[in-house]
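Understanding the architecture of this molecule
Take a look at the letters that make up each chain.
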Amino acid sequence: MNFDSLIEDLSFDVKLSERFFDLQPITIYNRSDVDHLSFVFFQLFLNEFCLKSSSSFDSTNFFEILRTYYQTNANRLEQIEHLNEIIHSSKKFLRFYRQNSFVGQILQKSLQNFDLKILFSMRFLIENLHRSSNSEFHFETDEIFYRSQILSEETFGKLKSNIGSSNFRCFSFEFNFVFLGELLSINNFFFANQNRAVCLGKLRELNLSDKRFSRILFQIQIPREYHFDKTRPIIIVNSHEKTIFFSIGSIFRIDQVVFDINNDCSIVQLTIFDQQTNDQFNDLFAYFNSKKDPLVLAHLLRQISPQSAQLFYKHLLNDNNQLECYIGLGLCSYLQKDFTQALEYFHRALEIPTESRFIQSSLHNSMGLVCAQLNQIHQADEHFRKSLEFSVVPLHRAAIHHNLALISSEKGLFDEEIFHYEQAFQIRTNQSSTNQLKIACLINNLGIAHADLNQYDKALSYLKQALEIRLKHLPEYHVDIAKSYANIGTVYVKSKDLHVALDYFKKALLLFQKQTIQSNEEIQAIQNNIQIVRDKLN
């Protein structure tokens, strides 16, 4: 394709704006961080609910949304009617999308806010633009493309924090920091070209005094062996200047991030990623493809944005899936700490008959968690025990025993607490795929329980085992390691070994102070403990 008229002013098509939705939605895939859920959510929505559909999408709902939103804007309404007339022409549609930013802004805003109701209504737009992509083209040599970008400090910080500490390097002779990382996805359609000087020049022209944003130059490598017959092809907008239009959800490997002191911007070096050759992606989407159920998206979204998921569950609520929707709504309310509302949703779910023992067990477990948060300890205990009666899944039984142990601790029944922790520990260690960090949590809690019974030798033995596992499986500055040091220090205080206690408290304080998001409460508590021990030693 050669759409020469589209490349006017495309060398720098990003706009700096205080409006959050004007920034490109970017998600980062990191198996050790919760942010990977956002990455998977966007890829799942695009891959299984937009680009692999066997039928064309109805645009009626989207145009109804547009007309309602812009009902007092005659000029915008005229543009909307024109869009409605050309939606089946890929070339005209692409031109309109480029020239009328309000459509792209609505897509960006809905992506940023995880607004599935609007996103589902816009699937025709995503499908049309994606269909315009050129899947036959390939380059004769490796090619580099550039895109100027403004990123919020929050997004840029996540991109950098994605880098494991063992992969961090600093080139001190240039005072540049280089991070080596994993994957990111740019969740919108975007342009890039090969004019590096122009992109850098535009970044330098920006008077960016707002510290909440950073100047970024994406340097994107496309290997010559990469053919664009992939899940996310591109449009070759201009074959001479090689301006290209990347399809939504394109995935890139983060090679490194370098601060360019001369141009006062960060260079993010990326390589386009072929997800179709990656078994992890293939297995993931093969599983979701067998579902084709919007509830799968809602369940995933619940772990990312409970407020957005709550709206989507309400949108999906009908006679066929009331049970799952009410459970989902209850979990969303629980995550938003609206425990009274959560309990109301769970009671509604409990009134709906089901033969699934797993659902009954999960529902009672959730109600137990809510009751515990409301300090209704007796009711929490009853729900957890009912959950255990229905449970047939070993790891689920382990989780319930864990919850019963916590309730027993609240009731001061420390022997019973230890019993439930030991049951959970035995179940988890008998599983073929044991989560070592879950095991560490159980061992840590067993140590605390024995400390409550003044059994300090046993307590220290368990706590040190937990610490050893965490040191092996977590980054060296992880907050859970700090908590292990603090727990061990506390037991040494109880056993009157104050010098050793002081050493562990100092280690804990050092790690708490190294956290990106610090807990003043935890830091203050450790500092108070250190002062108490020093006073006793003096």
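Residues numbered from 1 in each chain as written. Predicted model: local features only at pLDDT ≥ 70, side-chain atom pairs only at ≥ 80, totals over all residues. Heavy atoms only, no water.

This next bit is on a nonpolar patch on the surface. A cluster of nonpolar side chains, contributed by Phe358, Val392, Val393 and Leu395, occupies part of the molecular surface with about 320 Å² of accessible area. Look at phenylalanine 358 and you get partly exposed, because its relative accessible area is 43%. (Patch = residues over 30% accessible without salt bridge, like charges linked within 9 Å, V, L, I, M, F, W, Y side chains within 5 Å. Areas by Shrake-Rupley, 256 points an atom, 1.4 Å probe, with all protein chains shown as cover. Salt bridge = Lys/Arg side-chain N within 4 Å of Asp/Glu carboxyl O. Buried < 20%, exposed > 50% of the residue type's maximum accessible area, 1.4 Å probe, protein only.)

Ranked by size, the top nonpolar core spans 73 residues in total, and within it Phe45, Leu107, Leu116 and Leu125 carry the most contacts. The element that contributes the greatest number of residues to this core is helix H1 (residues 36-49), accounting for eight residues. For this core, the domains that each give at least three residues are domain 1 (3-284) and domain 2 (291-537). (Core = buried A, V, L, I, M, F, W, Y, C linked by side-chain atoms within 4.5 Å. Helix = DSSP H or I, 4+ residues; strand = E, 2+ residues; numbered from the N terminus. Domains from an automatic or database assignment.)

What follows is about the packing of helix H17 (residues 394-410) against helix H18 (residues 414-429). Between H17 and H18, the least distance of the axes is 8 Å, while the angle of their chain directions is 165°. Relative to H18, the element H17 lies roughly antiparallel. Here H17 runs over H18; the crossing is left-handed. Contacts between H17 and H18 involve Pro394, Leu395, Arg397, Ala398, Ala399, His401, His402, Leu404, Ala405, Leu406, Ser408 and Ser409 on the former and, on the latter, Phe414, Glu416, Glu417, His420, Tyr421, Gln423, Ala424, Ile427 and Arg428. Residues of the contact of H17 with H18, tallied by class, amount to eleven nonpolar, six polar and four charged. (Axes fitted to C-alpha atoms, helices over the stretch in contact; angles between N-to-C directions. Parallel < 35°, antiparallel > 145°, perpendicular 65-115°, else oblique. Left-handed = near helix turned anticlockwise from the far one by under 90°. Contact = heavy atoms within 4.5 Å. Nonpolar A, V, L, I, M, F, W, Y, C, P; charged D, E, K, R; others polar.)

Another point: unusual backbone geometry. Located in the positive-phi region is asparagine 375, a residue other than glycine, with phi close to 65°. Mapped onto the fold, asparagine 375 is located in the loop between helix H15 (357-373) and helix H16 (377-390). Classification of asparagine 375 as exposed rests on a relative accessible area of 57%. Despite not being glycine, lysine 496 shows a phi value in the positive range, around 70°.

Now for the layout of surface pockets. For the second largest pocket, the calculated volume is near 670 Å³. As for the second largest pocket, its lining consists of 19 residues, and the residues nearest its centre are Arg302, Leu331, Phe358, Ser362 and Ser366. Elements supplying a minimum of two residues to the lining of the second largest pocket: helix H11 (294-302), helix H13 (322-335), H15 and H17. By residue number, the principal contributor to the lining of the second largest pocket is H15, which donates seven residues. By residue class, the composition of the lining of the second largest pocket is eleven nonpolar, six polar and two charged. (1 Å grid on protein atoms, 1.4 Å probe; cavity = no way out; pocket = protein on both sides within 12 Å on 5 of 7 lines; lining within 4 Å. Points joined across faces, edges and corners; volume = space filled by probe spheres on them.)

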